[in-house]
Amino acid sequence: MPISLDIRDHVARVTIDRPEVMNAIDAGAEAELEAIWSRLERDAEVRAVVLTGAGERAFCVGADMKSGGGVSGLDYWASARRGGFGGIALRDTLDVPVIARVNGHALGGGFEMMLGCDIVVAVEEASFGLPEPRVGRLPLDGGMVLLQRQIPHRLAMGMLLTGRRIKAGEAAGYGLINEVVPRAALDGAVDRWVADVLACAPLSVRAIKQVVRRTAQLAAAEAQALRLPAVVAALRSRDSQEGVAAFREKRPPAWEGR
């Protein structure tokens, strides 16, 4: 299967398993990713997601242009992909934190997928970019709209209008990456981020992500006034009482996720 899913200890690990094509996404892989995200949205036991690519060359280099099975141009733009590239770039219904484990090149749609994640850990040799204009295409599935919202205007336009790649160190300087590490330290760094997420009350984390993702276009006062479902659930939860009790009793909290 082009995508693998492993769930254990409240963590879902999603791996694009097409290293022979640098983890490029074809129609089959796209359908599998969409099915996985939909499944994880319904799984209350999952508290963190790690997205990565197989091998050491690439996280994902975008669409598989050699597969010959997809549409292009206006037909591609008109087709329904509400979640953006890979079903994750523009997804606003997955409230679980998604950590991108960037093990190599993240280009085109792969970069769009990374932009759709919440936390990014990358190896030093990783590269990032939206090369679509260099082949007469456009970053339709999130690149044009996400990059300009995540980094300063001049930096975004410098990448968008030239299709240039940047290395992990430069991307970190732009604020696109949380941590850059040597390859040998990648899994350890990702595991630390996962552990930090799991140390938090799962309903609190879901509520925070839901607020951030669904109110970014609103004025601060409007966003504050919204009564989003995940916020209500977190405030009513037994975990909200457990957290305070654990703090007073000087012990680690035992989260139930309810």
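These numbers come from a predicted model, not from an experiment.

Looking now at the sheet that holds strand β8 (residues 127-129). On the basis of which strands lie adjacent, the open sheet formed by 4 strands has the order β4-β6-β8-β9 and mixed pairing. The open sheet has two edge strands, β4 (58-60) and β9 (166-167), and neither has a second partner. The pairing of β4 with strand β6 (residues 105-107) spans 2 bridges and is parallel. Bridged to cysteine 60 within β6 is alanine 106.

Before going further, it helps to examine the pairing of strand β7 (residues 119-123). Side chains on a regular strand alternate between the two faces of the sheet. Judged by how many residues are buried, β7 sits mostly within the fold: 5 of 5 residues are covered. By the alternation rule, side chains of β7 split into Ile119, Val121 and Val123 and Val120 and Ala122, which are all buried. Inspection of the sheet shows strand β5 (residues 98-102) paired to β7 by 4 bridges, in the parallel sense. Residue pairing in the sheet places valine 102 in a bridge with alanine 122 of β7.

To continue, consider the packing of helix α4 (residues 143-150) against helix α5 (residues 153-160). Interaxial distance between α4 and α5 falls to 7 Å at its minimum, and their mutual angle equals 150°. Looking at the two axes, α4 sits roughly antiparallel to α5. As for how α4 packs across α5, the hand of that crossing is right-handed. Within the contact between the two elements, α4 uses Gly143, Met144, Leu147 and Gln148 and α5 uses Ala156, Met159 and Leu160.

In this section: the environment of arginine 214. Among the secondary structure elements, arginine 214 is positioned in helix α8 (residues 202-215). In this structure arginine 214 comes out as partly exposed when scored by relative accessible area, which is 28%. A sequence separation of 193 residues divides arginine 214 from valine 21, and the C-alpha atoms of the two residues are 35 Å apart. Not counting the four nearest positions on each side in its chain, arginine 214 is found in contact with Asp92, Thr93, Asp95 and Leu228.

Judged by how many residues are buried, strand β2 (residues 11-16) sits mostly within the fold: 5 of 6 residues are covered. Direction of pairing for strand β1 (residues 3-8) relative to β2: antiparallel, over a ladder of 6 bridges. Along β2, the bridge assignment pairs aspartate 6 with arginine 13. Hairpin connection of β1 to β2: 2 residues between the antiparallel strands, including aspartate 9 at a positive phi of 55°. As judged from the 6 bridges shared by β2 and strand β3 (residues 48-53), these two strands associate in the parallel manner. Counted as the bridge partner of alanine 12 is valine 49 from β3.

We describe a pair of aromatic rings using the distance from one ring centre to the other and the angle between the two ring planes. Evaluation of the coordinates by the stated rule reveals 1 aromatic pair. Ring geometry for phenylalanine 111 against phenylalanine 128: centres 6.1 Å apart, planes inclined by 55°, an arrangement best described as tilted. With phenylalanine 111 in helix α3 (residues 109-115) and phenylalanine 128 in strand β8, this pair connects stretches of sequence that are 17 residues apart. With respect to burial, phenylalanine 111 and phenylalanine 128 carry one shared label: buried.

Core analysis: the biggest nonpolar cluster contains 59 residues, and Trp37, Val102, Met114, Phe128, Leu147 and Leu176 have the highest contact counts within it. Dropping the residues within four chain positions of it, methionine 114 is found in contact with Phe59, Ala100, Val102, Val120, Phe128 and Leu176.

Along the chain, aspartate 64 turns up in the loop between β4 and α2 (73-78). With relative accessibility at 13%, the residue aspartate 64 sits in the buried group. With residues up to four places along the chain from it excluded, the contact list for aspartate 64 reads Arg18, Val21, Ala24, Ile25 and Asp26.

With mixed pairing, the 6 strands of this open sheet are ordered in space as β1-β2-β3-β5-β7-β10. The outermost strands of the open sheet, each flanked by one partner alone, are β1 and β10 (179-181). Adjacent strand axes in the sheet meet at a mean angle of 15° when their direction is disregarded.

Those residues of α4 not exposed but buried are Gly143, Leu146 and Leu147. Viewed along the axis of α4, the buried residues span an arc of 95°, placing them on a single side of the element.

With that out of the way, let us pick up the side chain of arginine 18. By the secondary structure assignment, arginine 18 is in the loop between β2 and α1 (27-41). Here aspartate 64 takes part through its side chain, which lies 3.2 Å from a polar atom of the side chain of arginine 18. Other than its neighbours up to four places away in sequence, arginine 18 contacts Pro2, Asn23, Ala24, Ile25, Asp26, Ala29 and Asp64.

Calculation rules
Residues numbered from 1 in each chain as written. Predicted model: local features only at pLDDT ≥ 70, side-chain atom pairs only at ≥ 80, totals over all residues. Heavy atoms only, no water. Pairing = 2+ DSSP bridges. Helix = DSSP H or I, 4+ residues; strand = E, 2+ residues; numbered from the N terminus. Buried < 20%, exposed > 50% of the residue type's maximum accessible area, 1.4 Å probe, protein only. Axes fitted to C-alpha atoms, helices over the stretch in contact; angles between N-to-C directions. Parallel < 35°, antiparallel > 145°, perpendicular 65-115°, else oblique. Left-handed = near helix turned anticlockwise from the far one by under 90°. Contact = heavy atoms within 4.5 Å. Phe/Tyr/Trp six-rings, centres within 6.5 Å; stacked < 30°, edge-to-face > 60°. Core = buried A, V, L, I, M, F, W, Y, C linked by side-chain atoms within 4.5 Å. Arc of directions from axis to C-beta. Polar contact = N/O pair within 3.5 Å; in protein donor to acceptor, adjacent residues only side chain to side chain.

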